[in-house]
Amino acid sequence: MKKKILITGGSGLFALNCAILLRNEYEIILGFHNREVCLAGVNFKKISLENELEFENEINSILPNIIIHAGGMTNVNVCEEQSSLAMRINGKIPEIVARISYKLNITLVFISTDHLFDGNTPLVSENQFKTPLNIYGISKSLGEDLVIKSNPNALVIRTNFFGWGTEYRTSFSDFIINGLREEKNLTLFEDVFFTPILIETLVKITMELVNNKINGIINIVSKERITKYEFGILLAKVFGL
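The rules behind the values
- Residues numbered from 1 in each chain as written.
- Predicted model: local features only at pLDDT ≥ 70, side-chain atom pairs only at ≥ 80, totals over all residues.
- Heavy atoms only, no water.
- Pairing = 2+ DSSP bridges.
- Helix = DSSP H or I, 4+ residues; strand = E, 2+ residues; numbered from the N terminus.
- Axes fitted to C-alpha atoms, helices over the stretch in contact; angles between N-to-C directions.
- Contact = heavy atoms within 4.5 Å.
- 1 Å grid on protein atoms, 1.4 Å probe; cavity = no way out; pocket = protein on both sides within 12 Å on 5 of 7 lines; lining within 4 Å.
- Points joined across faces, edges and corners; volume = space filled by probe spheres on them.
- Nonpolar A, V, L, I, M, F, W, Y, C, P; charged D, E, K, R; others polar.
- Buried < 20%, exposed > 50% of the residue type's maximum accessible area, 1.4 Å probe, protein only.
- Arc of directions from axis to C-beta.
- Polar contact = N/O pair within 3.5 Å; in protein donor to acceptor, adjacent residues only side chain to side chain.
- Core = buried A, V, L, I, M, F, W, Y, C linked by side-chain atoms within 4.5 Å.

Enquirer: It is not clear to me how the sheet that holds strand β6 (residues 155–158) should be interpreted in this structure. Could you clarify?
Expert: Neighbouring strands of a sheet are bound in pairs by backbone hydrogen bonds; such pairs are parallel or else antiparallel. Pairing is parallel across the open sheet formed by seven strands, whose spatial order is β3-β2-β1-β4-β5-β6-β10. The open sheet has two free edges, formed respectively by β3 (43–46) and β10 (216–219), since each of these has just one partner strand. Averaged over neighbouring strand pairs, the angle between their axes works out to 20° when direction is ignored. Note that strand β2 (residues 27–32) and β3 share four bridges and pair parallel. Directly across from G31, in β3, lies its bridge partner K45. Most of the contacts of helix α1 (residues 13–22) go to β2, to which it runs at about 165°, and overall it touches β1 (4–7), β2, β4 (66–69) and β5 (107–111). Each of β5, β6 and β10 is contacted by helix α5 (residues 135–150), which is oriented at about 165° to β5, the strand it contacts most.

Enquirer: Is there a simple way to think about the layout of surface pockets in this case?
Expert: The method is simple in principle: a probe with the dimensions of a water molecule rolls over the atoms, and the space it marks as empty is what remains. Approximately 380 Å³ is the volume attributed to the second largest pocket. Together, 17 residues line the second largest pocket, and I106, T107, L108, V210 and K213 are the ones closest to its centre. Taken together, the elements giving at least two residues each to the lining of the second largest pocket come down to α4 (83–103), β5 and α7 (199–211). Residues belonging to the lining of the second largest pocket are distributed by class as follows: seven nonpolar, eight polar and two charged.

Enquirer: Can you walk me through helix α2 (residues 52–62) in this structure?
Expert: Listing the buried residues of α2 in full gives F55, E56, E58, I59 and I62. For α2, the buried positions fall inside an angular range of 165° around the axis, keeping them on one side. Opposite the packed face of α2, turned more than 90 degrees from it, sit the exposed residues L53 and S61. Where α2 is buried, its residues touch β1, β2, β3, β4 and α4. Its side-chain oxygen 3.0 Å from the backbone nitrogen of L53, N51 forms the N-cap of α2.

Enquirer: Can you help me understand the environment of D191 in this one?
Expert: Along the polypeptide, D191 turns up in the loop between α6 (172–181) and β8 (193–194). Spatially, the C-alpha atom of D191 lies 6.4 Å from that of T227, the residues being 36 residues apart in sequence.

Enquirer: Would you mind showing me how to read the nonpolar core here?
Expert: I5, I28 and I68 are the most contacted members of the largest nonpolar core, which totals 28 residues. Among the elements of the structure, β1, α1, β2, β4, β5, β6 and α7 are those that each provide at least two residues to this core. Sequence-distant contacts of I5, that is, excluding residues within four places in its chain, are made with L22, Y26, E27, I28, I29, I66, I68 and M207. By size, the runner-up hydrophobic cluster in this structure holds 19 residues, among which are L49, I106, L108 and A154.

Given below as structure tokens:
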């Protein structure tokens, strides 16, 4: 019998790509809030994360072996505009997921971010003191702290991934590739650095950590620190654009 994985944020880039990569090996349930999508070989379930009792009842009905909490507010500008909502969705809701997963002895993976640092120190380790500069980073930092406090067995993944998006939510790499194919002039930053990783690699490493029962905070990123502009140039070369 296949193990069950519940992935929250089921209509998001990470959840959909993760489901595609794992659906042959695991029984995948994508938990969604509003937007339901269709994906062959994958189950979808509307899940409320706001109410702890309701969420516990839903988890008891699903009985997953693993929960990957990938839901959240990821638009940096919207987080700035709706800071209270961002703090609740990215901070407090992960606490609920962590508490229930710990209570029911379910393996938990929390997908965090690299927006936790001011950028003055390159290639930081997991032990680096967090210095987020925006509401998105502050809210995700709170989520990390509450997840670890509520479920000491949780695996927290800090990452910045790229991969194929959807019609309703394109990724950064989609923006570059589609723009170049349409012969648009693109402007990218030369002073914004990141260490992006292909989502297939991210999912593979994450599941290796889960299967080896690793917990705590783990950075899963590439070993190269590049600018957004350099990333765009690399994509252009790879896709012949």
